[in-house]
Amino acid sequence: MQENSAKMQRFFTACDELITGKFILADTKIGELLRAIATCEDLRGLFAAVTNGFDYPAAKKAYLKQPEQGSRPGRGEAYLPAERSELLAFVFCLLVEFDSGTMRFNDFLLRYFYEDGSYTASYSLFVDRVIRPFRDIVRECYPDVRESAPLARRKQEENRLEKLAEKISLERTRIASLSLGKEDCAAAEMILGELYAAVGRGDYTELKALLCGYLYFLQVTDASGENSNEIFRLAGEL
């Protein structure tokens, strides 16, 4: 029972890492997700059941809409089946195509989930609209499988650190765009650079000290903004 639960949890972990991870690692994470299904008897049974008799070519025609005439070249729209079992089957078959190389994931993203011409933005849209509901439906099928508290806390902490790092990167750009003196700009860049490094190391002691210094800098230069406020909010949650 414990072994089966661990194998099931491996699937949910793979889904979570696909959702919260970087686009550049997507191919690897898709492979891990499919291997998690292959090694878990319950999941193999589930996906064998939902794909039995499922007409994937017809589903692709129905839910992957090709660009209309006169629209921008290559832009289509992707939809998901309303029926839960069909949604599981459709997404599973898509992932198998990506993993086998039958369908290029990069091309699929920019065709059906185009967002600002960016793979990163398109990937974020894809995981929110496709992988998240796919994971949630499977989780509802196995309500007794829960993450261990330490693993859940670690993932939550990693997500907060990642968001904080993104905000610090935005802050460096924001400060550089302000009409500050050369010395003030240099001081801000030094503090923010060290803040970014401390977040990457997970060094909370240094992070706290640097934030105190940065708060003082913002007060002296009157350079506070919405993004800097968000940095302090996120840091307060760690």
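It should be noted that the structure appears before, not after, this text.
Residues numbered from 1 in each chain as written. Predicted model: local features only at pLDDT ≥ 70, side-chain atom pairs only at ≥ 80, totals over all residues. Heavy atoms only, no water.

(A) Quick peek at the overall build of the protein. Within the protein one finds eleven helices and two strands. Along its sequence from the N terminus, the protein presents helices and strands in the succession α-α-α-α-β-β-α-α-α-α-α-α-α. For the protein, whose C-alpha radius of gyration is 22 Å, the value lies well above the compact-globule estimate of 18 Å for 238 residues. Across the 238 residues that make up the protein, the buried fraction comes to 38%. Considering the protein, the positive charge centre built from 31 side chains and the negative charge centre built from 37 side chains are found 2 Å apart. (Helix = DSSP H or I, 4+ residues; strand = E, 2+ residues; numbered from the N terminus. Rg over C-alpha atoms; globule rule 2.2 N^0.38 Å. Buried < 20%, exposed > 50% of the residue type's maximum accessible area, 1.4 Å probe, protein only. Lys, Arg positive; Asp, Glu negative; His and termini not counted. Charge placed at Lys NZ, Arg CZ, Asp CG, Glu CD.)

(B) Quick look at helix 6 (residues 105-112). Within the span of helix 6, buried status applies to Phe105, Phe108, Leu109 and Tyr112. Across the axial projection of helix 6, the buried residues extend over an arc of 100°, all falling on one side. Contact partners of the buried residues in helix 6: helix 2 (26-38), strand 1 (64-65), strand 2 (77-78), helix 5 (84-100) and helix 7 (119-141). (Arc of directions from axis to C-beta. Contact = heavy atoms within 4.5 Å.)

(C) Local environment of the state of the cysteines. Inspection of the entire model under this criterion finds zero disulfides. The cysteine Cys15 is free of any disulfide, with Cys40 supplying the nearest cysteine sulfur at 12 Å. Cys15 sits in the buried class, given a relative accessible area of 0%. (Disulfide = S-S within 2.5 Å.)

(D) The pattern of salt bridges, seen in detail. Under the counting rule described, the total for this entry stands at twelve salt bridges. We note a salt bridge from Arg135 to Asp16, for which the minimum N-O separation is 2.7 Å. Residue Arg135 is found in helix 7, and its partner Asp16 is found in helix 1 (residues 2-20); the two are separated by 119 residues along the sequence. Taking relative accessible area as the criterion, Asp16 reaches 12% and is therefore assigned buried. For Glu189, the salt bridge goes to Arg172, with nearest N and O atoms at 2.3 Å. (Salt bridge = Lys/Arg side-chain N within 4 Å of Asp/Glu carboxyl O.)

(E) The arrangement of the nonpolar core in detail. In this structure, Phe11, Leu33, Leu43, Phe47 and Phe126 are the most contacted members of the largest nonpolar core, which totals 50 residues. Looking at this core element by element, the count peaks at ten residues for helix 5. Every residue in contact with Leu33, bar those within four places of it in the chain, is listed here: Phe11, Ala14, Cys15, Leu18, Leu95 and Phe134. Leu164, Ala188, Leu192 and Leu218 belong to the second largest nonpolar core, which has 21 residues in total. (Core = buried A, V, L, I, M, F, W, Y, C linked by side-chain atoms within 4.5 Å.)

(F) Summary view of the packing of helix 10 (residues 204-221) against helix 11 (residues 226-236). For the pair helix 10 and helix 11, the least separation of the axes is 12 Å and the interaxial angle reads 155°. It follows from the interaxial angle that helix 10 and helix 11 lie roughly antiparallel. Crossing hand, helix 10 versus helix 11: left-handed. When helix 10 is examined against helix 11, the residues Leu211, Tyr214, Leu215 and Leu218 are found in contact with a partner set consisting of Ser228, Ile231, Phe232 and Ala235. (Axes fitted to C-alpha atoms, helices over the stretch in contact; angles between N-to-C directions. Parallel < 35°, antiparallel > 145°, perpendicular 65-115°, else oblique. Left-handed = near helix turned anticlockwise from the far one by under 90°.)

So, to be careful, I would describe these as geometric facts and stop short of saying anything about function.
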